[in-house]
Amino acid sequence: MEISKDQIATLIDHDLSNSAQMLGCFLVSSSSLNPETSPHLKAENLILLGDALFREREFRRAINTYKQALQYYKTIPKQSSTVSRSSLSGRSSSPNSSNISAINENEVKFKIAWCYSALNENKAALVEMDGIPSKARTLPMSLLMAKLYRNSRHNRFAIACYKECLRHCPYVIEAIIALAELGVTAKDIISCFSQILNRSGRAFYDQIDSNRWLQRYVEAQCCIASNDYKGGLELFGELLQRFPNNVHLLLEVAKVEAIIGKNEEAIMNFEKVRSLDPYVVTYMDEYAMLLKIKSDNSKLNKLVHDLLSIDPTRPEVFVALSVLWERKDERGALSYAEKSIRINERHIPGYIMKGNLLLAMKRPEAAVVAFRGAQELRPDLRSYQGLVHSYLQFAKIKEALHAAREAMKAMPQSAKALKLVGDVHASNSSGREKAKKFYESALRLEPGYLGAALALAELHFIEGRNGDAVSLLERYLKDWADDSLHVKLAQVFGATNMLQEALSHYNAALRINPANEAATKGIERLEKQMKGVDPDAPEEDEENEVEDADGDQEETELL
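- Looking at an unreviewed UniProt entry, one finds the protein named Anaphase-promoting complex subunit 7 and attributed to Rhizophora mucronata.

### Structural notes on the nonpolar core
Item 1. Core analysis: the biggest nonpolar cluster contains 168 residues, and Met129, Tyr162, Leu166 and Met284 have the highest contact counts within it.
Item 2. Contact partners of tyrosine 162, with chain neighbours within four places excluded, come to Leu143, Ala146, Lys147, Arg150, Ala175, Ala178, Leu179 and Leu182.

### Quick word on the packing of helix H27 (residues 450-462) against helix H29 (residues 483-495)
The angle between the axes and the distance between the axes are what describe a pair of packed helices.
Item 1. Following both chains from N to C, one finds H27 and H29 inclined at 10 degrees, their axes separated by 11 Å at the closest point. Judged by the angle between their axes, H27 and H29 are roughly parallel. The handedness of the crossing between H27 and H29 is left-handed. On H29, the residues touching Leu450, Leu454, Ala457, Glu458 and Phe461 of H27 are Ser484, Leu485, Lys488, Gln491, Val492 and Ala495.
Item 2. Residues belonging to the contact of H27 with H29 are distributed by class as follows: seven nonpolar, two polar and two charged.

### Examining unusual backbone geometry
Peptide bonds are, in most cases, trans, and in most cases residues other than glycine have a negative phi.
Item 1. Located in the positive-phi region is asparagine 227, a residue other than glycine, with phi close to 70 degrees.
Item 2. Within the fold, asparagine 227 resides in the loop between helix H13 (213-225) and helix H14 (229-242).
Item 3. At lysine 362, a position not held by glycine, the phi torsion is positive, near 60 degrees.
Item 4. Along the polypeptide, lysine 362 turns up in the loop between helix H21 (348-360) and helix H22 (364-377).

### Overview of the packing of aromatic side chains
Item 1. On inspection of all chains with the given rule, the structure shows 10 aromatic pairs.
Item 2. Both rings, one in phenylalanine 54 and one in tryptophan 114, keep their centres 6.2 Å apart while their planes meet at 85 degrees; by these two values the pair is edge-to-face. Here the residue phenylalanine 54 occupies a position in helix H3 (residues 39-55), and tryptophan 114 occupies one in helix H6 (residues 105-118), the gap between them amounting to 60 residues.
Item 3. Ring plane angle 40 degrees and centroid distance 6.3 Å describe the contact between phenylalanine 318 and tyrosine 336, whose orientation is recorded as tilted. Highlighted residues: phenylalanine 318 in helix H19 (residues 315-325) and tyrosine 336 in helix H20 (residues 330-343), separated in sequence by 18 residues.
Item 4. The class for phenylalanine 318 is buried, based on a relative accessible area of 13%.
Item 5. Tyrosine 336 sits in the partly exposed class, given a relative accessible area of 25%.
Item 6. Here a set of aromatic residues connected by ring pairs shows up, and it is made of Phe54, Phe59, Phe110 and Trp114.
Item 7. Looking at arginine 156, its charged tip hangs above the ring of phenylalanine 157, at a distance of 4.8 Å from the centre.

### Describing the pattern of salt bridges
Item 1. Applying the stated criterion across every chain yields a total of 30 salt bridges.
Item 2. The partner of aspartate 188 in a salt bridge is lysine 163, and the shortest N-O contact between them spans 2.9 Å. Here aspartate 188, found in helix H11 (residues 186-193), pairs with lysine 163, found in helix H9 (residues 155-168); they are 25 residues apart in sequence, far enough to count as distant.
Item 3. For glutamate 316, the salt bridge is made with arginine 314, and the minimal N-O distance between the two is 3.1 Å.
Item 4. What makes arginine 314 partly exposed here is its relative accessible area of 27%.

### Comments concerning the UniProt feature "repeat: TPR" (unreviewed entry) in the protein
Item 1. Cross-referencing UniProt, the feature "repeat: TPR" (unreviewed entry) maps to residues 43-76 and 483-516 in the present numbering.
Item 2. Between the end C-alpha atoms of residues 43-76 the distance is 10 Å, and the span holds 85% helix and 0% strand.
Item 3. Between the C-alpha atoms that bound residues 483-516 there is a distance of 8 Å. The span itself is 79% helix and 0% strand.

### Some remarks on the environment of leucine 166
Item 1. Here leucine 166 is to be found in helix H9.
Item 2. C-alpha separation for the pair leucine 166 and cysteine 192, spaced 26 residues apart in sequence, amounts to 6.2 Å.

### Notes on empty space enclosed by the protein
In this approach the atoms are scanned with a rolling probe the size of a water molecule, which exposes any empty space left behind.
Item 1. For the structure shown, the criterion picks out two cavities of 30 Å³ or more.
Item 2. Here the largest cavity is characterised by a volume of approximately 60 Å³.
Item 3. In terms of lining residues, the largest cavity is bounded by Ile177, Glu181, Gln221, Ile224, Ala225, Glu252, Lys255 and Arg378.
Item 4. Put simply, the parts of the chain that give the lining of the largest cavity at least two residues each are helix H10 (173-181), H13 and helix H15 (247-259).
Item 5. Across the lining of the largest cavity, the residue classes break down as three nonpolar, one polar and four charged.
Item 6. Taken as a whole, the second largest cavity encloses approximately 40 Å³ of empty space.
Item 7. For the second largest cavity, the full set of lining residues is Ile224, Asn227, Tyr229, Lys255, Ile259, Arg378, Pro379 and Asp380.
Item 8. Here the residues of the lining of the second largest cavity sort into four nonpolar, one polar and three charged.

### Considering helix H30 (residues 499-512)
Item 1. Taking 1.5 Å as the rise per residue, H30 with 14 residues should run 20 Å; its terminal C-alpha atoms sit 20 Å apart, in good agreement.
Item 2. Considered for burial, the residues of H30 that qualify are Leu499, Ala502, His505, Tyr506, Ala508 and Ala509.

### Re the environment of tyrosine 171
Item 1. Tracing the backbone shows tyrosine 171 in the loop between H9 and H10.
Item 2. For tyrosine 171, a relative accessible area of 40% corresponds to the partly exposed category.

### Digging into the confidence of the model for the protein
Item 1. Predicted confidence across the protein gives a mean pLDDT of 87, with 87% of residues reaching 70 or more.
Item 2. Considering only residues more than four positions removed or in separate chains, one finds that residues 81-93, a stretch of pLDDT under 50, has 31 contacts.
Item 3. A low-confidence stretch, residues 95-100 stays under pLDDT 50, and its non-local contacts, those more than four residues away or across chains, total 24 contacts.

### Re the packing of helix H23 (residues 381-393) against helix H25 (residues 415-426)
Item 1. The interhelical angle for the contact between H23 and H25, taken along N-to-C directions, is 5 degrees, at an axis separation of 11 Å. If you check the angle between H23 and H25, you find them roughly parallel. On the side of H23, the interface is formed by Leu381, Tyr384, Gln385, Val388, His389 and Leu392, while H25 contributes Lys416, Ala417, Leu420, Asp423 and Val424.
Item 2. Residue composition of the contact of H23 with H25, by class: seven nonpolar, two polar and two charged.

Criteria and thresholds
- Position labels on residues start from 1 in each chain and follow its written sequence.
- Per-residue local features are limited, in this predicted model, to residues with pLDDT of at least 70; the limit for side-chain atom pairs, both in listing and counting, is 80 or more; totals at the level of whole chains, interfaces and linings are taken over all residues.
- Heavy atoms from the whole structure form the basis of all side-chain values; hydrogens and water molecules are not counted.
- What makes a nonpolar core is a set of buried Ala, Val, Leu, Ile, Met, Phe, Trp, Tyr and Cys residues whose side-chain atoms join them at distances within 4.5 Å.
- Accessibility here uses a 1.4 Å probe with only protein chains present; expressed as a share of the type maximum, an area under 20% marks a residue as buried, one over 50% as exposed, and anything in between as partly exposed.
- Throughout, a contact is declared for two residues whenever any of their heavy atoms are within 4.5 Å.
- Lines fitted to the C-alpha atoms define the axes, with helices restricted to the stretch that makes contact. Angles between their N-to-C directions range from 0 to 180 degrees.
- Going along the chain from the N terminus, every DSSP run of H or I of four or more residues is numbered as a helix, and every run of E of two or more is numbered as a strand.
- Any angle that falls under 35 degrees is termed roughly parallel, while one over 145 is termed roughly antiparallel, one within 65 to 115 roughly perpendicular, and all others oblique.
- Crossing chirality is assigned from the near helix's rotation relative to the far helix, an anticlockwise turn below a right angle marking it left-handed and a clockwise turn marking it right-handed.
- Residue polarity is assigned by list, with Asp, Glu, Lys and Arg as charged and Ala, Val, Leu, Ile, Met, Phe, Trp, Tyr, Cys and Pro as nonpolar; anything else, Gly included, falls into the polar class.
- Centres within 6.5 Å are what make two rings of Phe, Tyr or Trp a pair, Trp counting through its six-membered ring; a difference in plane orientation under 30 degrees is then read as stacked, over 60 as edge-to-face, and the rest as tilted.
- Only Lys NZ and Arg CZ are tested; either one counts as a charge over a ring when it is within 6 Å of the ring centre and within 35 degrees of the ring normal.
- Any carboxyl oxygen of Asp or Glu that lies within 4 Å of a side-chain nitrogen of Lys or Arg is treated as forming a salt bridge with it.
- UniProt positions are given in the numbering used here, feature names are shortened, and annotations may be inferred rather than shown by experiment.
- Here a cavity is any set of points on a 1 Å grid over the protein atoms alone where a 1.4 Å probe fits but cannot get out, and a pocket is any open set with protein on both sides within 12 Å along at least 5 of 7 lines; a residue lines the site when it has an atom within 4 Å of a point.
- Grid points are joined across faces, edges and corners, and a volume is the space filled by probe spheres set on the points.
- Helix span is expected to be 1.5 Å times the residue number reduced by one.
- Here pLDDT means the predictor's own confidence in every residue, given as a number from 0 to 100.

Pasting the structure below:
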């Protein structure tokens, strides 16, 4: 029985790609032995085999097979190949397409580029895509081109290709998100829609004028990309009223809440997502980080177990594994974080996790590189925080102050950015008065911000204003079940010889977080004090002068 191309195409259409690629080997072998087989037929057979190999994720073999097909195609006389070279009808712009009624050179190049992209070989993929005339590019081609340009940091070309995608179809959500992250304004993105005509000839922009959800979505993403987190959350909130229990919107909200430190709200939204769709992997590494902060080890263990059973190849899974292993084995945790980056070089949580681990391992110079990697992809509050803390750890005060000021410029309405500048000033005695002003400004902007309250209380404590520290911290007790709050109160009470009160707060901290080392050590010190033994005084770090003369006026204006 002769081997038919239709038989292989049927196998591919039914996702039986392993059988298809084995049968394809027979087809290619038989056609190569027959001297009467035309180059056109040989090329068609090789493309079929290439499609089967692509489905099997054997990308190297697929590339080699597609290129052999193109070599045969080039030997076809021009007059018989003109239609094939120019025709785009009847073909799907997808590497999974198996319809080979007519060879389309552009489609084959696209499939080769897709294979290179899957192998993270962006340069080779771009070479193939550049061989496709711009007028012949379909929507999937334009989207792949945009991603390749962005990965290669050719942002201007990436923006042009993403806009072209929206001119094809305004609902390419990943193009909207990418354009927002690349700094394109909401107005500019929405203007792409006006160039689309629907079937009745009415402009798409006019069509959505009374149905503004897509515009609101664009505006929300642009707000988040420009660090206007408050505005973005408000817009996402409006969308959720219209589309309740929308998993994508809930994930976007939870991610932003995690970034800006609204941990309880973020956890609640992540848990809501998992109740709606327990098989979601997107952003679940962000959820894992929050569970680690909350010391909810049972939920963290279950989350990682679930993610491994859903898809163990995703970068989110390896970040979650890194979070889980952090306390057990920092080196193992670091290897998991690095694995997530190898899987996807644009996966920001991987860089954040790697930077935090390197900081904990007292490797601040390497941590700076990791946080810079996150910033190059998309600057956000966590990457700024990481940079500031890394620079402070190895006494690069000037660089820390520069990074903190950059955060303040990028997020002028962020209390957490103001606190960052205060942290740098507080790192030495001469800057404490400035630090106090920044902490107070942060609390005026966000009265419930515990981080700023703890930092300000620490300044009061250092300078002997224990009463001020206690009265400030006690205001937060009714709203915050936070172990660090109880530890700070215990330290202040201990210093004023109110040992029972100190012991009570250390125990409260351990009830919230049994792994709190500061509380454990604090109780040990209290026990010595109660026995009349004077514990060793804490060593003071050598003070560093802050070189900030050039930025004083700028800070004053921002305050």
